[in-house]
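Reading the structure
Below are the chains, spelled out letter by letter.
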Amino acid sequence: MSEANITPVLMPKWGLSMSEGVLVDWLVDEGAEINVGDEIMEVETDKIASAVEAADPGVLRRRVGDAGETYPVRALLGVLAPPEVSDDDIDAYIAAYEVPVDEDDDEGAAAAYEFAETAVGRLRYASRGDDGPALVLIHGFGGDLDNWLFNIDALAERARVYAFDLPGHGQSVKAIEDPGLAGLASALQAFLDTVELDSAHLVGHSMGAAVAARLACDAPERVQSLTLIAAAGLGPEINADYIDGFVGAESRRELKPVLFNLFADSELVNRSMVDDLLKYKRIDGVQEALSSLAAELFPGGTQSAQLAADIDASGLNTLVIWGSGDAVIPAAHAQALGNAAIEIIDGAGHMVQMEKASAVNALILEHIG
Amino acid sequence: MNDNVFPLGKEDLLKAYRTMKTIREFEERLHVDFGRGEIPGFVHLYAGEEAAATGIMMHLNDQDRIASTHRGHGHCIAKGVDIGEMMAEIYGKITGACRGKGGSMHIADLSKGMMGANGILGAGSPLACGAALAAKTLGHKGIGMSFTGDGASNQGTFLESLNLAAIWNLPMVFVVENNGYAESTSVDYATAVDSYADRAAGFGVPGVIVDGTDFFAVYEAAGEVIRRAREGGGPSLLECKMVRFFGHFEGDAQTYRGEGENEYNRENNDCLKLFRARVTEAGVVDGGELDAIDSEVLAAIDKAVEEAVAAPLPGAADLTTDVYVKY
Amino acid sequence: MARNLSMKDAINEALDQEMSRDPTVIVMGEDIVGGSGSPGEDDAWGGVLGVTKGLYAKHGDRLMDTPLSESAYIGAAIGASTCGLRPVAELMFLDFMGVCFDQIFNQAAKFRYMFGGKAETPVTIRAMVGAGFRAAAQHSQMLTPLFTHIPGLKVVCPSNAYDAKGLLIQSIRDNDPVIFCEHKALYASETDVPEESYTVPFGEANIVREGSDATIVCYGLMVHRASEAAETLAGEGIQCEIVDLRTLSPIDTDSVVESVENTGRLVCVDEANPRCSIAADIAATVSQEAFSSLKAAPQMVTAPHTPVPFSPALEDLYIPSAEAIADAVRKTMAP
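Criteria and thresholds
- Residues numbered from 1 in each chain as written.
- Chains lettered and ligands numbered in written order.
- Predicted model: local features only at pLDDT ≥ 70, side-chain atom pairs only at ≥ 80, totals over all residues.
- Heavy atoms only, no water.
- Domains from an automatic or database assignment.
- Contact = heavy atoms within 4.5 Å.
- Salt bridge = Lys/Arg side-chain N within 4 Å of Asp/Glu carboxyl O.
- Polar contact = N/O pair within 3.5 Å; in protein donor to acceptor, adjacent residues only side chain to side chain.
- Helix = DSSP H or I, 4+ residues; strand = E, 2+ residues; numbered from the N terminus.
- Nonpolar A, V, L, I, M, F, W, Y, C, P; charged D, E, K, R; others polar.
- Pairing = 2+ DSSP bridges.
- Axes fitted to C-alpha atoms, helices over the stretch in contact; angles between N-to-C directions.
- Buried area = accessible area lost by both parts, 1.4 Å probe.
- Parallel < 35°, antiparallel > 145°, perpendicular 65-115°, else oblique.
- Left-handed = near helix turned anticlockwise from the far one by under 90°.
- Expected span 1.5 Å × (residues − 1).
- Buried < 20%, exposed > 50% of the residue type's maximum accessible area, 1.4 Å probe, protein only.
- Arc of directions from axis to C-beta.

With that out of the way, let us pick up the domain arrangement of chain A. Residue and element names in this part refer to chain A. On domain assignment, one finds that chain A holds domain 1 (3-100) and domain 2 (113-368). The centre of domain 1, based on its C-alpha atoms, is set 30 Å off from the matching centre of domain 2. Taken together, the contact pairs 13 residues of domain 1 with 15 residues of domain 2. Our count for the contact surface shared by domain 1 and domain 2 stands at 1 salt bridge. Two residues, E39 and K356, come together in a salt bridge whose shortest N-O distance is 3.3 Å. Applying the counting rule to domain 1 against domain 2 returns 3 residue pairs in polar contact (both at pLDDT 80 or more). Here the element with the most residues in the side of domain 1 that touches domain 2 is strand β5 (residues 49-53); it accounts for 3 residues. Looking at the side of domain 1 that touches domain 2, its residues break down into 5 nonpolar, 3 polar and 5 charged.

This is the structure in structure tokens:
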């Protein structure tokens, strides 16, 4: 047996609530040479649809899963192996494969999320990974920790990863005492205090990137490195139609076209995503939180916070990642930083960490060393 | 002038007279104009009953809420609703109190505590209990008051409301306006007890009977039950025995009445005549002062009619508005 | 955070949170506290099925047991709503509207229009609806069409705990009179419900399941029957889209028409009797608005034109079944 050379292609697990997914379609044929990051199949859950990118290289020797069928998480959908592995070995591998029992299931959804009582109120967070450097993921305006659905587990293979909901967001406290960048940065600091992280690598998306940068400037001793994804705070422009549309939308019909701004591929905006965001927006206090943040940070379609000079001055090791097709904040803002590594990813929009998860994950892991 | 022997100062006496006279002339004018075919639908006139509405409403403020009846013009005027808006409403005009959507039977002005005339007999009693409950819950000293005729006082809603107000000790007054007729049917036929006040005892509520043509008697009796409600003493029933000068509605031939009944009432039971005699004979008010009010009232009614006639009708766009606050 | 909650507990939580948030919210009804003035417990029942249990301990006299006088207390709730309170009155069983309908349809529903837009009537009338409890003809009806017919009223009928909490909070905050219909067979059904207060807006249907072959429009308990049917039909290769109306007035015909434009087939399911039902209304609306999209005649699956029977053998036949719904869908698929 040359099992060591055989790599399974599995139904991914996106977030702890996912138990099964639909293999919508294969994007590559049997026999195709696969490189890391290639999109090999499309998978859909009740929450999200996304292309699955290859995490390993090899030849797609076998498509085990059928398009249109539903499979449990970690079901074997395909087999990658070098050409020299025999068909018999592949058959034997497929026959022997068993879907691993999901150990998380016993703890259920309770283990998916935890709550930290911090100085700014109750914050929801998720943590993954036992070893390695501490990495904290900070979502953007109107987002939540599930924006890191395709990142948190991959990053956790080499880091202790924390993702949390900012105040006013997700399932964290809805009241924001100080609805501005300083207030959110102190919430981040309060989170670090509560989960007892003296310092961490910060990965922020959009407004969350500005929050991370602001903390890096205010309390550099708490920050080991910065990864700024589609970052706010690096230039004046921001898509006012998106911000105002997101804050103002009251129905599915109003919100859905607004969300098209987030992705290069608008097909990713499905009903479940729209419904979940509406459910969030309809919680008491959320409209006030979003309105006050928008008024403070993005008044009249401009960004009030400009942090590039401070970030450069901090001397922190900084990586900037942007989707080339970002329709919310222009990718050109990446150039505002003089001392950062800049990565522009083609074919991705504002939610580049979701649309090109493998590439983003690889860049982050490389960056934190 | 002699010393004032009345429980009201001269200002208030003149105010009461002006109110009663306004109601009278408002209704007399409608009687005439309806006969000329100038008013759509049907109207129920309050003429003859003015002392009741006025004597009671002199004790109320805008925070006190009343639920009225189909015969509601007098209650509206005594509660302070603008007669120009009322007249325009009766003419079905956009300038009316209800933008022409309610008409005579549904005039309301919540800012004056007038919860609405009501085309459904007896429906106002539960609603006024709600007003009383709101006053009690919110802790202001307002009261709720419902008006029912002798006919509607046989409705289950009225009797249920008496019980509800009693067990919740609501600041509530139930006024029964007994003019002897439920439409055409005599109270003697349709009501098993001699007096509605007797029924109050069955609900553990005080019942008071008063001569509804005597402003001063009404004023005094109403003052007592309203004070009781306001001070947390609970609900009461006040029965006003009164006369209706016109038919149930305009166009009613009133063949059910006895021979000469209307003429007798006009001569002997006219609350305005009785009031004028009392205050002038006591020397508190001069007849000329009342005559002056008469002229002013007639002029005001003329103006209300002129403006109502001249006012625009609602348009097609108004048909579908005002159904919901937001839909 | 969200946790699994039954519809009964979700309704209780909505009332609790709104009473805490707004001192003008009061709750009244027969036995909604239970035991008032009795020698035993003060808070004995919390409603006949315990929906309001525990609220008296927190909010005291803002919950009021009423005498058995539906006209008086429903009317009082309506009157109070025009005077600064936001009452929630429980009618126990919607069937009891027969003794207080005037207050609902001639008073509450009419005030705003009749008074030229000057009145606001923020009253919520909660009541149980629906069959399945062997409670016979006077405690089991789905009378939603009657109320939906009347301009001035809003009519809500949630199918799950999440919607129930959000729709009830919306009802209480809404400035128009709302008839809030709770299907008693759904009280125990559980979904994820956020701890926080939230609203679900009126007039927005929920797409419970997406599908491209046929649209099933339904509400309340029938959403669950339709889901069962859709599951069966999926096995036959027929993909159903299920539209849960959530509110019947206002009604989200846009979502229905949009769905039928995609599927070309319509099955309207209603636990109410067939004549002038919600099902009939939807079928007529779609026939008028999207006739050219229809590949087959719209089908209606409703209760029969009879009162609700008592005998379990009969009542089970009376309530529209998943099989009947699936059959109706198959009928639209037939060439």
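Residue and element names in this part refer to chain A. Judged by pairing direction, the sheet is mixed, and its 8 strands sit side by side in the order β9-β10-β12-β11-β13-β14-β15-β16 without closing on themselves. Single-partner strands in this sheet number two, and they are β9 (114-118) and β16 (341-345). Going across the sheet, the axis of each strand differs from the next one's by a mean of 25°, ignoring polarity. Looking at chain direction, strand β11 (residues 134-138) and strand β12 (residues 160-164) are connected through 5 bridges and run parallel. What sits directly across from A134, in β12, is R160.

What follows concerns the interface of chain B and chain C. At the junction of the two partners, chain B supplies 40 residues and chain C supplies 44 residues. Buried area between chain B and chain C, both sides added, is near 3,300 Å², and the carbon and sulfur share of it is 66%. It is W168, Y324 and V325 of chain B that lose the most area in chain B upon contact with chain C, and together they represent 17% of the buried surface on that side. Linking chain B with chain C are 1 salt bridge. Between E85 of chain B and K118 of chain C there is a salt bridge whose closest N-O contact spans 3.8 Å.

All names here are of chain A. Packing of helix α8 (residues 252-259) against helix α9 (residues 271-281) brings their axes to within 10 Å, and their N-to-C directions diverge by 115°. Judged by the inter-axis angle, α8 sits roughly perpendicular to α9. Relative to α9, α8 is oriented so that their crossing is right-handed. The residues of α9 that touch α8, namely those facing R252, L255, K256 and L259, are R271, V274, D275, L277 and L278.

Now for helix α10 (residues 286-297) of chain A. All names here are of chain A. When the terminal C-alpha atoms of α10 are compared, their 16 Å separation across 12 residues agrees well with the 16 Å that a helix rising 1.5 Å per residue should span. Considered for burial, the residues of α10 that qualify are V286, A289, L290, L293, A294 and L297. Take α10 and look down its axis: the buried residues cluster within an arc of 120°, on one side only. Opposite the buried face of α10, by more than 90 degrees, sit the exposed residues E288 and A295. Those residues of α10 that are buried lie in contact with α5 (181-194), α6 (207-218), α7 (240-248) and α9.

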